[in-house]
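Residue-level listing of the chains:
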Amino acid sequence: MSLQYTSTRGDAPTLDFGDVLLTGLATDGGLYCPTEMPELPPLSADMTYTEVALAVMWPFVEGSIDRESFVSIVNDAYACFRDPAVVPIRELGDGHHLMDLAKGPTLAFKDVALQLVGRLLDRELTVRGRTAMVFAATSGDTGSAAIEALANRSMVSAVVLHPLGRVSDVQRRQMTTVDAPNIRNLAVRGNFDDCQDLVKAAFNDSAVRSEVGLAAVNSINWARVMAQIVYYVVGSLRLGATSGQPVSYSVPTGNFGNVLAGWYAKRMGAPIDQLVVASNRNDVLTRYFETGSLDAFDVVPSLSPSMDIQVSSNFERALWEASGRDGAAVAALLTEFRASGSAEVPTSWNDALAETFDAGRADDDQTLEEIRAVHERLGFLIEPHTAVGTVVARELRRDPSIPMITLATAAPAKFPDAVEKATGVRPPLPTFLSELHDRPEYFVEVGNDLDEILVELRDLADTAQ
Ligand SMILES: *Cc1c(COP(=O)(O)O)cnc(C)c1O
């Protein structure tokens, strides 16, 4: 029998991988998690990224997909990365390393998961003989990574909303210059919250949802977390696991999807010591780890916009595990949090999380200073999200004899203004994107109005499929 998945709120049907892939949020509002955590198979330091990926992910998908299809999907997904190592590692000094997760087509770590998920989705729909439409709102990296992963797939189309005039030039062009019949970009006259509310309203309308077959690839989709487990295992293999040496990670964190994957890697048996949750000034998680209570606050824009998040949705999965998988207790806690903006987390859960996680913050001034210092000392550029990670890694590292790996979540060229401000050097786009500014853009401007947007969704459903 294949591995089953359970909702964190304990009141939704148990599903297998194929259903979880298509479902997104559970019917009780929870997030799907594996009912059992498989153990890592034997691995060796000379295995390639895709060999490790196949070994680590197979137990999660077995029974929902045949081995041959899975092998070809995994190989395909990582063939487009611009480094043979897929996630190359370089040293910063003092046993502190950077793992570059931004070698994919859109220069951000979202590609690692979405290149795989786009292909898995298309295959699952093909097997079921149906189509689906991904509908998402983006303030930056997710939209372009999703579009790049889904363009020209046969069974899945995508509508992506961005707030008109409020995403960076590079980010907008990465979305709007993709010319594919199954992709539609809508620029909404409103802000990012308006875009998110429009997406939520469509998903909450069951008639709309079934009419166009809405699907979600946001960071709560289990398949994205699964794909991210792989590089935590790869990092420990490259830096010593075979000699029994553990490693630690520092992770620039927003929705908690990335660092959560590290926690799952550890639970599967990867030798991981510490997981450092690094936030910018929007530090809901750092405050939680300091106080033991969750408190919502308003988001303030920062130099690391992909971490400007009020509520880290994937944290629910960690709470569920920390509670001893008590779905009712998790549901009660989160209901209280949504209603009042604040919730006290039980001490035993906090203790379970504090064994592995540490959390810290770096503000914009520290971020710029770090980018400047790395450039001066080592002669290469890092971008703001990564800089938050390296600052907090140094601050919170518990044991200097254990290697620390900070995850570089984007390429400097994706955030050229901040990098130039810090160093005086403007990072150029890689050659494969250098003509981004000359390509025609495809998007439709719409009002902050669901009916207007549904017209576009229906039109794409008719023309794309
Ligand atoms: C999405 C993103 C993050 C945050 O990752 P989470 O999984 O949401 O914690 C950090 N840095 C960059 C560049 C991102 O695109």
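Note that the structure is a prediction, hence the values are computed from the model and not measured. (Residues numbered from 1 in each chain as written. Predicted model: local features only at pLDDT ≥ 70, side-chain atom pairs only at ≥ 80, totals over all residues. Heavy atoms only, no water.)

Chemist: For the pairing of strand E6 (residues 156–163), give the residues involved together with the corresponding values.
Modeler: Across the eight residues of E6, eight count as buried, placing the element largely inside the fold. With six bridges joining them, E6 and strand E7 (residues 183–188) adopt parallel strand pairing. The residue bridging Val160 from the neighbouring strand is Asn185, located in E7. Handedness of the crossover joining E6 and E7 through helix H6 (residues 169–176) is recorded here as right-handed. (Buried < 20%, exposed > 50% of the residue type's maximum accessible area, 1.4 Å probe, protein only. Helix = DSSP H or I, 4+ residues; strand = E, 2+ residues; numbered from the N terminus. Pairing = 2+ DSSP bridges. Right-handed = clockwise from strand over helix to strand, strands pointing away.)

Chemist: Outline the packing of aromatic side chains, supporting the account with residue identities and numerical values.
Modeler: Summed over all chains, the structure comprises 16 aromatic pairs. Relative to Trp222, the ring of Phe60 has its centre 5.5 Å away and its plane inclined at 55°; by these criteria the two rings are tilted. Linking Phe60 in helix H2 (residues 49–61) with Trp222 in helix H9 (residues 222–238), this pair joins segments that are 162 residues apart in sequence. Classification of Phe60 by relative accessible area gives buried; the value is 1%. Take Trp222: its relative accessible area is 1%, and that puts it in the buried class. In textbook terms, an aromatic cluster arises when at least three aromatic residues are bridged by ring pairs, as seen for Phe256, Trp263, Tyr288, Phe289, Phe315 and Phe357. (Phe/Tyr/Trp six-rings, centres within 6.5 Å; stacked < 30°, edge-to-face > 60°.)

Chemist: Hey, could you go over helix H11 (residues 284–291) for me, with residue numbers and the actual values?
Modeler: Among the residues of H11, Val284, Leu285, Thr286 and Tyr288 are the ones counted as buried. In this structure, the buried residues of H11 make contact with strand E10 (272–279), strand E11 (293–295), helix H12 (315–322), helix H14 (347–354) and strand E13 (357–361). (Contact = heavy atoms within 4.5 Å.)

Chemist: Describe in detail the nonpolar core, supporting the description with residues and values.
Modeler: One finds Tyr49, Tyr78, Leu116, Trp222, Ile229, Tyr231 and Tyr232 to be the most contacted residues of the largest nonpolar core, which totals 112 residues. Sort the elements by how many residues they give to this core and H9 lands first, with twelve residues. No fewer than three residues from each of domain 1 (5–79 + 109–221 + 439–464) and domain 2 (89–107 + 225–423) sit in this core. (Core = buried A, V, L, I, M, F, W, Y, C linked by side-chain atoms within 4.5 Å. Domains from an automatic or database assignment.)

Chemist: I'd like a description of the site of the ligand, backed by residues and values.
Modeler: The ligand sits among 15 residues. The nearest are Lys110, Asp141, Gly254, Asn255 and Thr409. With respect to the ligand, the backbone of Asn255 contributes an N or O atom lying 2.7 Å from an oxygen atom. Contacts to the ligand include Thr409, whose side-chain N or O atom sits 2.9 Å from a nitrogen atom. Burial of the ligand by the surrounding chains reaches 96%, relative to a free accessible area of 390 Å². The residue inventory of the shell around the ligand, partitioned by class, reads five nonpolar, eight polar and two charged. Built from parts of two domains, the shell around the ligand gets at least three residues from each of domain 1 (5–79 + 109–221 + 439–464) and domain 2 (89–107 + 225–423). (Near = heavy atom within 4 Å. Polar contact = N/O pair within 3.5 Å; in protein donor to acceptor, adjacent residues only side chain to side chain. Areas by Shrake-Rupley, 256 points an atom, 1.4 Å probe, with all protein chains shown as cover. Nonpolar A, V, L, I, M, F, W, Y, C, P; charged D, E, K, R; others polar.)

Chemist: Please provide a residue-by-residue account of the sheet that holds strand E15 (residues 444–446), values included.
Modeler: Spatially, five strands are ordered E8-E5-E6-E7-E15 in an open sheet, and the strand pairing comes out parallel. Two strands in the sheet have a free side with no partner beyond their single neighbour: strand E8 (214–215) and E15. In the packing of helix H5 (residues 141–150) onto the sheet, contacts are made with strand E5 (132–137), E6 and E7, and the angle to E6 comes to roughly 160°. (Axes fitted to C-alpha atoms, helices over the stretch in contact; angles between N-to-C directions.)

Chemist: So, the pattern of salt bridges: which residues are in play, and what are the values?
Modeler: The tally for this structure, following the rule as stated, stands at 28 salt bridges. With a shortest N-O distance of 3.6 Å, Asp100 and Lys103 are connected by a salt bridge. Here the salt bridges share partners, and the residues they tie into one network are Asp19, Asp66, Arg123, Glu124 and Arg128. (Salt bridge = Lys/Arg side-chain N within 4 Å of Asp/Glu carboxyl O.)

Chemist: Any details on the domain arrangement of the chain? Residues and values, ideally.
Modeler: Once the domains are mapped, the chain shows domain 1 (5–79 + 109–221 + 439–464) and domain 2 (89–107 + 225–423). The gap between the C-alpha centroids of domain 1 and domain 2 is 23 Å. Summing both sides of the interface, domain 1 and domain 2 together bury roughly 3800 Å²; the carbon and sulfur share of this comes to 63%. A salt bridge links Arg9 to Glu316; its shortest N-O distance comes to 2.8 Å. (Buried area = accessible area lost by both parts, 1.4 Å probe.)

Chemist: Please set out the packing of helix H4 (residues 110–128) against H5 residue by residue, giving values where relevant.
Modeler: Packed helices, taken two at a time, are described by the angle between their axes plus the distance between the axes. Packing of H4 against H5 leaves a shortest axis separation of 8 Å and a crossing angle of 35°. The interaxial crossing formed by H4 with H5 has right-handed handedness. Mapping the contact onto sequence places Lys110, Asp111, Leu114, Gln115 and Gly118 in H4 and Asp141, Thr142, Ala145, Ala146, Glu148, Ala149 and Leu150 in H5. By residue class, the composition of the contact of H4 with H5 is five nonpolar, three polar and four charged. (Left-handed = near helix turned anticlockwise from the far one by under 90°.)

Chemist: I'd like a description of the side chain of Glu370, backed by residues and values.
Modeler: Looking at the secondary structure, you find Glu370 in helix H15 (residues 364–378). On the accessibility criterion, Glu370 (6% relative accessible area) is buried. A polar atom in the side chain of Glu370 sits 2.7 Å from the side chain of Arg394.

Chemist: Give a detailed account of the sheet that holds E10, specifying residues and quantitative values.
Modeler: Spatially, six strands are ordered E3-E4-E14-E9-E10-E13 in an open sheet, and the strand pairing comes out mixed. Of all strands in the sheet, those bounded by a partner on one side alone are strand E3 (89–93) and E13. Adjacent strand axes in the sheet meet at a mean angle of 25° when their direction is disregarded. Running at roughly 140° to strand E9 (residues 247–252), H9 makes contact with E3, strand E4 (96–100), E9, E10 and strand E14 (404–408) of the sheet. Running at roughly 125° to E13, H11 makes contact with E10 and E13 of the sheet.

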